[in-house]
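Spelled out, the chains give:
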Amino acid sequence: MPRRSSTRADKEENHRQGTISSARFNLLSSMVGGGSLSLPLAFHQTGNMFMAPVILVISSVVAQQSIYFLTKAGTYSTEHRDLSNNHNNQLDNNKKGTASYENMASQAFGAKARALSRALVYSCCFFGTVGYAVLLRDLLEPVIDSVIIPPEGTGGGPTLPRNLAMLTVILVVSPLCTMKNLTALKNVGAASMASVVIVGLCVAYRSIECQLGFAEQHGSSENKENRESSMQAFPSSMKLLLDAVPLFISSYICHFNVLPIHNELRCPTSDRVRQWVRTSMWPATLFYYVIGLTGSLYAKCTPTGEVQGNILLDFDENDPLLLLGRMCLAMTITLAFPMLVIPARDILIRTVASTRFGRREPSLTPIDVSDAFSDVEVTNGLTEVEFEHMEVAQAACLEEPLLAMESRSIASTAPDAMRDDSDEFDENRSTYRSTERDDTDSRLLRIAASGFVFWSAAFIACCVSSIDVIWDLLGSSFSIMMAFIIPCGAYLKLAGRKRFFNQVSDGGASFRKWMVSRTVAWIMVIIFIPLMIVSTANAVYNCFSGRLVTDI
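Here's what I pulled together on the structure shown here. Quantities reported herein were computed from a predicted structural model and do not represent experimental measurements. (Residues numbered from 1 in each chain as written. Predicted model: local features only at pLDDT ≥ 70, side-chain atom pairs only at ≥ 80, totals over all residues. Heavy atoms only, no water.)

## Examining the overall build of the chain
Phase 1 of the analysis: A tally of helices and strands in the chain yields 20 helices and zero strands.
Phase 2 of the analysis: Scored against the burial criterion, the 552 residues of the chain give a buried share of 55%.
Phase 3 of the analysis: Sequence-distant contacts, at least 24 apart, represent 87% of the contacts inside the chain between residues at least 6 apart.
Phase 4 of the analysis: As displayed, the chain offers around 24,200 Å² of accessible surface, 61% of which is attributable to carbon and sulfur atoms. (Helix = DSSP H or I, 4+ residues; strand = E, 2+ residues; numbered from the N terminus. Buried < 20%, exposed > 50% of the residue type's maximum accessible area, 1.4 Å probe, protein only. Contact = heavy atoms within 4.5 Å. Areas by Shrake-Rupley, 256 points an atom, 1.4 Å probe, with all protein chains shown as cover.)

What follows is the structure, encoded as structure tokens:
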């Protein structure tokens, strides 16, 4: 009986359980969070009356398109196993998808891209943890300063009591980061969105009070000048524009969780994927616009006429309304740490395991199966749904996603490059998987890896004075490459003409759609590569120039 119930549980686990609603909350909880508190600064720098909303909408559209390319490239990257498995078996479209970011990159660009994709995803999760730790310290600042009064002129930033409070919270939440998966946190998404909305409403309410003259203002002459400077249509310099662009981009970064969510989505047709992405992105964009505009207008009521990288730092620490918002957001950020730590930990474990076993990752070349679908028969149950080419083939693969979202063993996510389609490797597969499972399922290993990722990020956060430094670095380099350049490049590589020869040779609607998609992907690659270089150089300059000013 135990074995039979275990088999039934395994079957249920291997089937898609996600709905559009659950996928939407998962995507929003991965995207909307502490980064939205930096948008008022981005709006203030670029012109909140015109240029900032334009950049925000463009960022939303581009992010949606990159997610489409990512899901398609992920689907194409698994087809070589799907086709071989489906020749003699009826296709089951309820089985979980198996696409992963690192496998997609390796299939498109070769084995070396696997290491690069691992490093990118790990860096984004790691530095995201650093940014959230800095934000947590900022949110706890009023409470800590009321207990331990800081010296005069301290201002915001790291102090010993504030860092100790942050580290105490991290110590409390550390056990959650040792779990095998994120199943226990699946209901946090709705609470996270609710708390962020509360913060946004608090900021908007206080900003409206400021504009109507109910808030405290700093001198009549200064107030008039601040009011004029808080409402602008365009940035005052190109430098401010470069400073703000990474803040807009980082607000839409959720790509490290896109493929795992897509793997769980029931019947992931193009129409359903687009519905899922659109209904996630546009509400987030509306929220970003409200908090960005209202927060930037609050510059009228600040002593300097500007807003900080964390808008909450511009409000009175004793404001009861904002104190409620701070505590709600602090709780959400605390519970969101495992969402960033566990993926980084799993990547670290797989990397160490693959190195220790001494297996060289074979070179992977882009697959060419232009005629493969001539032998694949699709059942009538599937043809009734409008699956795009290659979407049907995704279902039956047994590979695991990079970031596991359900209760699956870390050991089951063996690197795809270590798996080969040859008969020789099939004979040894069970031995290898059993050996890796024994090591990666070790609780001690999970604790050590989680502790390394979480606490190294926490100690770095103790030295960071402003959260916008983290978002600036993330949005300028790692995020642009992970979210835009690699997905577009992988789509161009995996969705080549040979793959769709039978569909595009007639020059009909399918050909035009294929050409438009490739053109958009090329435009995004051409734009984002120089943007990444310029933004990274600007972020490094800001980091060093800020240190020089502090030293002087």
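Let us keep going from here.
## Overview of a nonpolar patch on the surface
Phase 1 of the analysis: Taken together, the side chains of Met49, Phe50, Val54, Ile58, Met231 and Phe234 present a nonpolar region at the surface, about 540 Å² in accessible area.
Phase 2 of the analysis: For methionine 231, the location among the structural elements is in the loop between helix H10 (220-229) and helix H11 (238-250). (Patch = residues over 30% accessible without salt bridge, like charges linked within 9 Å, V, L, I, M, F, W, Y side chains within 5 Å. Salt bridge = Lys/Arg side-chain N within 4 Å of Asp/Glu carboxyl O.)

## A look at helix H8 (residues 160-173)
Phase 1 of the analysis: Given a rise of 1.5 Å per residue, 14 residues ought to cover 20 Å, and the 20 Å separating the end C-alpha atoms of H8 matches this to within 8%.
Phase 2 of the analysis: Every buried residue of H8 is accounted for by Arg162, Asn163, Ala165, Met166, Leu167, Ile170 and Val173. (Expected span 1.5 Å × (residues − 1).)

## What to know about the state of the cysteines
Phase 1 of the analysis: By the definition in use, this model includes one disulfide.
Phase 2 of the analysis: The disulfide partner of cysteine 210 is cysteine 301, and the gap between their sulfur atoms is 2.0 Å. Taking the torsion about the sulfur-sulfur bond, which here is approximately 105°, the covalent link between cysteine 210 and cysteine 301 counts as right-handed. Here cysteine 301 lies in the loop between helix H13 (270-297) and helix H14 (320-357) and cysteine 210 lies in helix H9 (residues 188-212), a separation of 91 residues in the sequence.
Phase 3 of the analysis: Overall, the relative accessible area of 0% leaves cysteine 210 in the buried class.
Phase 4 of the analysis: The thiol of cysteine 124 is unpaired, and the distance to the nearest cysteine sulfur, on cysteine 125, comes to 6.9 Å.
Phase 5 of the analysis: On the basis of relative accessibility, which here comes to 6%, the residue cysteine 124 falls in the buried class. (Disulfide = S-S within 2.5 Å.)

## Quick look at the packing of aromatic side chains
Phase 1 of the analysis: Within this structure, the stated rule accounts for 14 aromatic pairs.
Phase 2 of the analysis: One aromatic cluster in this structure is built from Tyr122, Phe126, Phe127 and Phe478.
Phase 3 of the analysis: The ring of tyrosine 68 has arginine 274 lying over it, and the distance from NZ or CZ to the ring centre is 4.2 Å. (Phe/Tyr/Trp six-rings, centres within 6.5 Å; stacked < 30°, edge-to-face > 60°. Lys NZ or Arg CZ within 6 Å of the ring centre and 35° of its normal.)

## Considering the pattern of salt bridges
Phase 1 of the analysis: Within the structure shown, the criterion is met by six salt bridges.
Phase 2 of the analysis: Linking aspartate 145 and arginine 162 is a salt bridge whose minimum nitrogen-to-oxygen distance equals 2.8 Å. Of this pair, aspartate 145 sits in helix H7 (residues 111-147) while arginine 162 sits in helix H8, and the two are 17 residues apart along the sequence. Each member of the pair, aspartate 145 together with arginine 162, is buried.
Phase 3 of the analysis: The salt bridge involving aspartate 243 is made with lysine 239; its shortest N-O contact spans 3.1 Å. One end of the pair, aspartate 243, and the other, lysine 239, are both in helix H11, four residues apart, so they sit about a helical turn from each other.
Phase 4 of the analysis: Aspartate 243 sits in the buried class, given a relative accessible area of 13%.
Phase 5 of the analysis: In this structure lysine 239 comes out as partly exposed when scored by relative accessible area, which is 30%.
Phase 6 of the analysis: Through salt bridges with shared partners, a single network forms among Glu141, Asp145 and Arg162.

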